[in-house]
Amino acid sequence: MWSKREEVDYALQRRNTLQALRRPQRTLTRSDVCDADPMLVRAAMHHGEESSVPCPLCHGRKLVNLNYVFGDQLGQYSGRIKSTTELDEMQNEYGEFKVCVVEVCLDCSWNHMIASYLLGDGVRRRPPRRQQTVEDIYG
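About the cut-offs
Residues numbered from 1 in each chain as written. Predicted model: local features only at pLDDT ≥ 70, side-chain atom pairs only at ≥ 80, totals over all residues. Heavy atoms only, no water. Helix = DSSP H or I, 4+ residues; strand = E, 2+ residues; numbered from the N terminus. Contact = heavy atoms within 4.5 Å. Areas by Shrake-Rupley, 256 points an atom, 1.4 Å probe, with all protein chains shown as cover. Lys, Arg positive; Asp, Glu negative; His and termini not counted. Charge placed at Lys NZ, Arg CZ, Asp CG, Glu CD. Salt bridge = Lys/Arg side-chain N within 4 Å of Asp/Glu carboxyl O. Buried < 20%, exposed > 50% of the residue type's maximum accessible area, 1.4 Å probe, protein only. Patch = residues over 30% accessible without salt bridge, like charges linked within 9 Å, V, L, I, M, F, W, Y side chains within 5 Å. Phe/Tyr/Trp six-rings, centres within 6.5 Å; stacked < 30°, edge-to-face > 60°. Lys NZ or Arg CZ within 6 Å of the ring centre and 35° of its normal. Pairing = 2+ DSSP bridges.

A few words now on the overall build of the chain. Scanning the chain from N- to C-terminus turns up five helices and six strands. The secondary structure elements of the chain, listed N-terminal to C-terminal, are β-α-α-α-β-β-β-α-β-β-α. The C-alpha extent of the chain, read off along each of the three principal axes, is 55 × 40 × 25 Å. The contacts of the chain with a sequence gap of at least 6 include a subset with a gap of at least 24, amounting to 62%. Roughly 8,800 Å² of accessible area belongs to the chain as shown, and the carbon and sulfur atoms make up 49% of that amount. A distance of 3 Å separates the average location of the 19 positive side-chain charges in the chain from that of its 19 negative side-chain charges.

Our next topic: the pattern of salt bridges. Pairing between side chains of opposite charge can happen when the charged atoms of each approach one another. As enumerated under the stated definition, the model contains four salt bridges in all. R5 serves as the salt-bridge partner of E96, at 3.4 Å between the closest nitrogen and oxygen. One end of the pair, E96, is in the loop between α4 (84-93) and β5 (97-105); the other, R5, is in strand β1 (residues 5-9), with 91 residues separating them in the sequence. Of the charged contacts in the structure, one is a salt bridge between E103 and R14, with a shortest N-O distance of 2.6 Å. Within this pair, whereas E103 is found in strand β5, its partner R14 is found in helix α1 (residues 11-22), the two being separated by 89 residues in sequence. Pair check on accessibility: E103 and R14 agree, each one buried.

On to the side chain of H112. By the element assignment, H112 lies in strand β6 (residues 111-119). Judged by relative accessible area, which is 13%, H112 ranks as buried. Apart from the residues lying within four places of it in its own chain, the contact partners of H112 are Y10, Q13, R14, T17, V101, V102 and E103.

This part is about a negative patch on the surface. Negative charge collects at one region of the surface, where E86, D88, E89 and E93 lie side by side. Here E93 lies in helix α4.

One pass over the full model with this rule turns up one aromatic pair. Relative to F97, the ring of Y94 lies with its centre 6.2 Å away and its plane at 85°, an arrangement referred to as edge-to-face. F97 shares its class with Y94; the two are buried. The aromatic ring of Y117 is capped on one face by K4, whose charged end is 4.4 Å from the ring centroid.

Counting buried positions along strand β3 (residues 63-70) gives seven out of eight residues, so the element sits mostly inside the fold. Relative to β3, strand β2 (residues 49-50) runs antiparallel, the two being bridged by two bridges. Within β3, the residue paired with E50 across the bridge is V64. With eight bridges joining them, β3 and β5 adopt antiparallel strand pairing. Bridging from a neighbouring strand, L66 pairs with V102 of β5. Where β3 and strand β4 (residues 80-82) come together, three bridges link them in antiparallel fashion. Opposite V69, over in β4, you have R80 as the bridge partner.

Read these as layout, nothing more, since geometry by itself doesn't imply function.
Right under this line is the structure:
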């Protein structure tokens, strides 16, 4: 992605969480770290992109990444999950938006934010007009 900037990698936080789980004094339990919300697991099941690394806890191959997008210029589309190909298209359509990448294991419910970064071409735009949704129509 050509416009990727202000990238933050959460590898140190992830490693610290895993070490706290494996320490002899056990400052964290497995139930503390494998606590993915059922809606997050469902979103990962249907919208997740397969990760190249196995789950750090159960070593299963069902680790997926979710790309959440946030930004004022996205309007009502802020907070949605987008694929990597959609992000490539969006960086030319919007001035600036934040992407948060979350990894989720479908086997053990491990979840952790692994990265965040900004995308966009830098041109300030107004948010798109609000379109009626099913919730607006049927309550």
